[in-house]
Amino acid sequence: MTPKFMIETFGCQMNELDSEKIAANLRKSGMEPVADPAQADILILNTCSVREKAVQKIYARLGEIKRHKAQRPDLIVGVVGCMAQLERDKILKKAPLVDVLAGPQKGHVISELVKRSTLTRAPVIELRRESDPDPLEIGDFARGNSWRAGVTISEGCSRQCAFCVVPLTRGKERNRESSNILREIEGLVARGYFEIILLGQTVNSYRDPAADNLGFAGLLRRISEIEGVKRIRFTSSYPADFSDELREVMVSRPSVCNHIHLPVQSGSNKILRAMRRGYTREQYLEIIGKIRNASRAIAISTDIIVGYPGESEKDFEDTLSLIDEVQYDSAFSFKYSPRPNTAALKLTGEIPGEEKGRRLELLQERQKLIQYTNNATYIGQTVEVLVEGRARSRVRLTGRTSNNKIVNFDGPESLIGRFVFVEISGFSPNSLKGILIGTDQGV
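Parameters at a glance
Residues numbered from 1 in each chain as written. Predicted model: local features only at pLDDT ≥ 70, side-chain atom pairs only at ≥ 80, totals over all residues. Heavy atoms only, no water. Salt bridge = Lys/Arg side-chain N within 4 Å of Asp/Glu carboxyl O. Helix = DSSP H or I, 4+ residues; strand = E, 2+ residues; numbered from the N terminus. Buried < 20%, exposed > 50% of the residue type's maximum accessible area, 1.4 Å probe, protein only. Contact = heavy atoms within 4.5 Å. Axes fitted to C-alpha atoms, helices over the stretch in contact; angles between N-to-C directions. Parallel < 35°, antiparallel > 145°, perpendicular 65-115°, else oblique. Left-handed = near helix turned anticlockwise from the far one by under 90°. Nonpolar A, V, L, I, M, F, W, Y, C, P; charged D, E, K, R; others polar. Phe/Tyr/Trp six-rings, centres within 6.5 Å; stacked < 30°, edge-to-face > 60°. Lys NZ or Arg CZ within 6 Å of the ring centre and 35° of its normal. Expected span 1.5 Å × (residues − 1). Arc of directions from axis to C-beta. Pairing = 2+ DSSP bridges. Core = buried A, V, L, I, M, F, W, Y, C linked by side-chain atoms within 4.5 Å. Right-handed = clockwise from strand over helix to strand, strands pointing away.

(A) Structural view of the pattern of salt bridges. Considering all chains together, one arrives at 34 salt bridges under this definition. A salt bridge links Asp241 to Arg159; the nearest nitrogen and oxygen atoms lie 2.8 Å apart. Here Arg159 lies in the loop between β8 (154-155) and α6 (166-170) and Asp241 lies in the loop between β11 (231-235) and α9 (244-252), a separation of 82 residues in the sequence. Of the charged contacts in the structure, one is a salt bridge between Glu413 and Arg396, with a shortest N-O distance of 3.7 Å. With Glu413 in the loop between β17 (406-409) and β18 (419-427) and Arg396 in the loop between β15 (382-390) and β16 (397-400), this residue pair connects regions lying 17 residues apart in the sequence. By relative accessible area, Glu413 is classed as partly exposed at 31%.

See below:
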């Protein structure tokens, strides 16, 4: 009987890409994917540990799985990814039901670990080590759809932001050779993919290890020259590494999407220093000014942490004034949560949870109003949308513009994976609503 597996993915787009690698590895070894955990013989949780809330969600899920395993003792349960790397001993203590524990960059050996656990009926552990050979060139993926593909250009981070666990879980930054990246994308285009998402922890700090002076902007330019690539996205960018050359490429190359995610984390210089972010409020706003002054409109999104240790009311007000000045198109905001083995654990001035919640609510309400006002300007405009799937709203379809606006509209499901033109007739803080007026017959 063919073993069946299911992967549940938590976290970022890089985790989603890792899950595609894991799925390909399991399928290559003769296993079959299923969408219902009740049908799975192997259940893999691909985890995130950037914030405590994500970790709590995974432990809660393991609690649910425990009941299933009591009824099905042969069920193999795996916890892989960043949380496995960071909290190995804690996971084994709190969730002894776990059979496989594997860190990031181990997607190519998951089937082997599952087989070992099946034979021994004992936990099998394989974590990332600094001495591991570079795993970035693993090319087997079980892609999630037929037109969009994530492509890793770098992994890990060599910066030492005080609150961040990425250097601990994924190691120091390692860049792929541009020739391999371009070859992978050319292969994807040949198979029908036309939207490429470039992935890295600080993607715009990319430097080709085999070609002198080829940075991220140069890589983007070369990818945009590949015939058949319709859209190029990238995430996530580091503010201090934003360059005039990158802005020029985003302006001059239509296939490079006019959206950039530029995490600021705080609007206070005092907190930015405590976070070890490597830039000031003034330097960040100078970068924003350059983006806003570009001849092509570029949407900007960000990440913000509130309630960082030592954050005074004045520091928080600095963050509110910064979002007022920047007018972000969208923002992901979070309450600070201490993470294991980070420098921020040594900071004094912990903010009470209730106060963190108050500040987060104020910030999110302010940002919601900004987005509402921004989206209102789209009424009557016609936008090009790549249709991504069924909408969660009352209309049938949803997709995105080049500048990352979500657009919901009615139309046949045969349009999924195609470009269409939509006239905007309504809006909310988080999305636009429109009427289908035409299709791009070239895709």
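(B) Molecular detail of the environment of Lys270. Along the chain, Lys270 turns up in helix α10 (residues 269-275). Residue classification places Lys270 among the partly exposed residues on the basis of a relative accessible area of 37%. On a C-alpha basis, the gap between Lys270 and Asp315 in space is 7.5 Å, while along the polypeptide they are 45 residues apart. Those residues in contact with Lys270 that sit more than four places away from it in its chain are Gly310, Ser312 and Asp315.

(C) Structural view of the packing of helix α7 (residues 178-190) against helix α8 (residues 216-224). Running from N to C, α7 and α8 cross one another at 30°; their axes reach a closest spacing of 11 Å. Classified by the angle their axes make, α7 and α8 are roughly parallel. The hand of the α7/α8 crossing is right-handed. Every residue of α8 that contacts α7 at Ser178, Ile181, Leu182 and Ile185 is listed here: Leu219, Arg222 and Ile223. Residue composition of the contact of α7 with α8, grouped by class: five nonpolar, one polar and one charged.

(D) Region of the structure containing the packing of aromatic side chains. Inspection of the entire model under this criterion finds seven aromatic pairs. Judged by centre distance (5.0 Å) and plane angle (75°), the ring pair of Phe216 and Phe234 falls under edge-to-face. Of this pair, Phe216 sits in helix α8 while Phe234 sits in strand β11, placing them 18 residues apart in sequence. One aromatic cluster in this structure is built from Phe163, Tyr308 and Tyr336. Geometry around Tyr59 places Lys94 over its ring, the cationic atom sitting 4.2 Å from the centre. The cationic tip of Arg143 hangs over the ring face of Phe141; the distance from NZ or CZ to the ring centre is 4.1 Å.

(E) Summary view of α7. The terminal C-alpha atoms of α7, which comprises 13 residues, lie 18 Å apart, in line with the 18 Å expected from a rise of 1.5 Å per residue. Those residues of α7 lying buried are Ser178, Ile181, Leu182, Glu184, Ile185, Leu188 and Val189. With its buried residues spanning 160° around the axis, α7 presents them on a single face. Turned more than 90 degrees off the buried face of α7, the exposed positions are Arg183 and Ala190. Looking at the buried residues of α7, the elements they touch are β7 (148-152), β10 (195-199) and α8. Phi turns positive one or two residues past the end of α7, at Gly192, with a value near 105°.

(F) Up close: the sheet that holds β10. Read across the sheet, three strands follow the order β7-β10-β11 without closing on themselves; strand pairing throughout is parallel. The two strands at the open ends of the sheet, each matched to only one other strand, are β7 and β11. If you compare each strand with its neighbour and ignore which way they point, the axes differ by 25° on average. Relative to β10, β7 runs parallel, the two being bridged by five bridges. Counted as the bridge partner of Ala149 is Ile196 from β10.

(G) Representation of the sheet that holds strand β13 (residues 299-306). Pairing is parallel across the open sheet formed by three strands, whose spatial order is β12-β13-β14. With partners counted over all chains shown, the strands left at the sheet margins are β12 (259-261) and β14 (330-335), one partner each. Put simply, the sheet's adjacent strands are angled 15° from each other on average, direction ignored. In this sheet, β13 lies alongside β12 in parallel orientation, the contact comprising three bridges. Within the sheet, the bridge partner assigned to Ile260 lies in β13 and is Ile300.

(H) Quick peek at the nonpolar core. Ile185, Leu198, Phe216, Leu220, Phe234, Leu246 and Ile260 are the most contacted members of the largest nonpolar core, which has 52 residues in total. Residues contacting Leu220, with those up to four places away along its chain left out, are Leu198, Ile232, Phe234, Leu246, Val249 and Val256. Of all hydrophobic cores here, the second largest spans 21 residues; its members include Leu62, Met83, Ala95 and Leu97.

(I) Representation of unusual backbone geometry in the model. For the peptide bond that leads from Thr235 to Ser236, omega is 0°, which places it in the cis range. Assignment of secondary structure puts Ser236 in the loop between β11 and α9. With phi around 55°, Arg121 is a residue other than glycine that occupies positive phi space. Secondary-structure assignment places Arg121 in the loop between α5 (110-120) and β6 (124-126). Among the residues examined, Arg121 registers a relative accessible area of 40% and is labelled partly exposed. The phi angle at Asn341 is positive, at roughly 65°, despite the residue not being glycine.

(J) Representation of the pairing of strand β3 (residues 42-47) within the structure. Where burial is concerned, most of β3 is hidden: six out of the six residues are buried. Covered by surrounding structure in β3 are Ile42, Ile44 and Asn46 together with Leu43, Leu45 and Thr47, the residues of both alternating faces. Bridging between strand β1 (residues 4-9) and β3 involves five bridges; their strand directions are parallel. Looking across to β3, one finds that Phe5 is bridged to Ile42. Pairing geometry for β3 and strand β4 (residues 76-81), over six bridges, is parallel. Across the sheet, the residue bridging to Leu43 is Val77, located in β4. With helix α2 (residues 52-71) bridging β3 and the parallel β4, this β-α-β connection has right-handed handedness.

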